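# Examining the three-dimensional arrangement
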Amino acid sequence: MIKQRWILCLAAVLSLSAGAAAAVKVSPVVIDAYQVEQGQMFTVTLYNSKAHPVDVNLEWGWFDLQEDGTVVLDNAAGQEQDWLHLPVSNCRLEPESAAQIQVALARADFTAITPVLYINLQDPTEPVSLRVAVLFALSLERPAQPAQLEVLGCDAANLRIRAANPNTCHIFFDGVLRLYRAGALVKEVSIPPRLILAESRREFSLPLIPGADQAVINSKTAASLVVELATGSDL
Amino acid sequence: MLARPRKNSPARSLCLAALVLGLTAALPVCAAAETLQVSFTVEPYTSLELTESSIAFAPVPPGSSVEQTVQAIVKANVTWELRISGTQSATGPDGSGVMFCSRIYTYDFLGVWGELGTIAQRVYVNQPPTDDQGVVVDIPLRFEADFNDPPGTYQTQIQLTLVPII
């Protein structure tokens, strides 16, 4: 019996059906705003570069950030998602044309939220469906305090730091890392903006160069940090 | 060839005088020119595109596996991550909806074959921004047939999600 079933299953195939290759272009994919107000509008532009129309489905979810910067996506948006209002949940993108999706802030009774808008290419006959996440970081207030930096450790190649955001709003941490040797500046590294959610922390790894004995981090959104690297071991 | 001599007409003299006056009047304006601050914003952008219109695994007996690669083109001016998820529901050989027991795996960023399910697998993480040509990414898939699925052709769907990293 088992042998017979095995023979029958020899023909088992998993096939993903054929269809036209899909594509979706989205901008912006990150929307951050302070001092948001009820009625405020945010615009997301979708573009279909293909020669055939594309149906798009829009869905809400939430995202969170782990300390290492990993974006954690939660597909199921709860009732509280009515903070944001979408005029449509489906739309059709005509060939080689763009569509603008207007998102309205229906309520502003929060301190900081992190919704995610999923742009789904809707075609059940496609073997692979495509989805682009648009991340929102919305805050009611502006930051009142700088982020606090602390050193987690360092080796010859990297300096690991942690930035803590004490504010009830999301912030972007960026700045400049300056490396010195015997008091002379030997390298300057730009730190690109990184989101730190309200009242949370995030870890970063910054590049070092051999021979540098001091690292100084300056940022408009964080307190300055001076790190002596002379020993080269973990601090 | 000799150049034709020009005549000095009163109208020409008047025009010349007006021009000189105009230039003289404009001189202080030019000297007082100011620099203009120009601001612009480049929006964070991503694009996700499939290179192939179809994917089919080769027929395979239960207990065996077969591999296939999905290709996509990613364009982004921000750091990005690509995730893939799947489902255990499919259209069965008779066209009806079925749950299948066979498994689809993907090769994740840690170099491990992880099963495709509703929880997305991360296949590319912390990828740098691309140029305007984008980057072609290969997403290896492995199909492992199960004894509990009757023979036939099944159709299921997988989903690629492009996530900006901020």
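Look up a bit, the structure's there.
Predicted, not measured: the structure shown is a model, and the values here were computed from it.

## So, the sheet that holds strand β3 (residues 65–76) of chain B
Spatially, nine strands are ordered β7(A)-β9(A)-β4(A)-β2(A)-β1(B)-β3(B)-β10(B)-β7(B)-β8(B) in an open sheet, and the strand pairing comes out antiparallel. This sheet does not close on itself; its edge strands, each paired only once, are β7 (84–85) of chain A together with β8 (113–115) of chain B. Relative to β8(B), strand β7 (residues 103–107) of chain B runs antiparallel, the two sharing three bridges. Along β8(B), the bridge assignment pairs B:Tyr105 with B:Glu115.

## A look at the interface of chain A and chain B
One frequent convention defines the size of an interface as the accessible area lost when the parts assemble. Counting residues at the interface gives 46 residues for chain A and 45 residues for chain B. A buried area of about 4,400 Å², summed over both sides, lies between chain A and chain B, and 58% of it is on carbon and sulfur atoms. Counting across the chain A and chain B interface gives one salt bridge. Between A:Lys50 and B:Glu49 there is a salt bridge, and its shortest N-O distance comes to 2.7 Å. Summed over the shared surface of chain A and chain B, the number is 14 residue pairs in polar contact (both at pLDDT 80 or more). Residue assignment for the side of chain A that touches chain B shows that the elements contributing at least two residues are α1 (2–9), β1 (13–16), β2 (23–27), β6 (71–74), β12 (128–139) and β16 (184–196) of chain A.

## What to know about a nonpolar patch on the surface
On the surface, B:Leu36, B:Val38, B:Phe40 and B:Val42 cluster together into a nonpolar patch covering about 530 Å² of accessible area. Mapped onto the elements, B:Val38 comes out in the loop between α1 (10–31) and β1 (46–50).

## Things to note about the nonpolar core
With 76 residues, the main nonpolar core has A:Leu117, A:Ile119, A:Leu138, B:Leu48 and B:Leu160 as its most contacted residues. With residues near it in sequence (within four places) discarded, A:Ile119 still touches A:Val24, A:Val26, A:Leu46, A:Val56, A:Asn57, A:Leu58, A:Leu130, A:Arg131, A:Val132 and A:Val134. Counting 25 residues, the second largest nonpolar core, distinct from the first, contains A:Cys169, A:Val189, A:Leu206 and A:Ile209.

The rules behind these values
Residues numbered from 1 in each chain as written. Chains lettered and ligands numbered in written order. Predicted model: local features only at pLDDT ≥ 70, side-chain atom pairs only at ≥ 80, totals over all residues. Heavy atoms only, no water. Pairing = 2+ DSSP bridges. Helix = DSSP H or I, 4+ residues; strand = E, 2+ residues; numbered from the N terminus. Contact = heavy atoms within 4.5 Å. Buried area = accessible area lost by both parts, 1.4 Å probe. Salt bridge = Lys/Arg side-chain N within 4 Å of Asp/Glu carboxyl O. Polar contact = N/O pair within 3.5 Å; in protein donor to acceptor, adjacent residues only side chain to side chain. Patch = residues over 30% accessible without salt bridge, like charges linked within 9 Å, V, L, I, M, F, W, Y side chains within 5 Å. Areas by Shrake-Rupley, 256 points an atom, 1.4 Å probe, with all protein chains shown as cover. Core = buried A, V, L, I, M, F, W, Y, C linked by side-chain atoms within 4.5 Å. Buried < 20%, exposed > 50% of the residue type's maximum accessible area, 1.4 Å probe, protein only.

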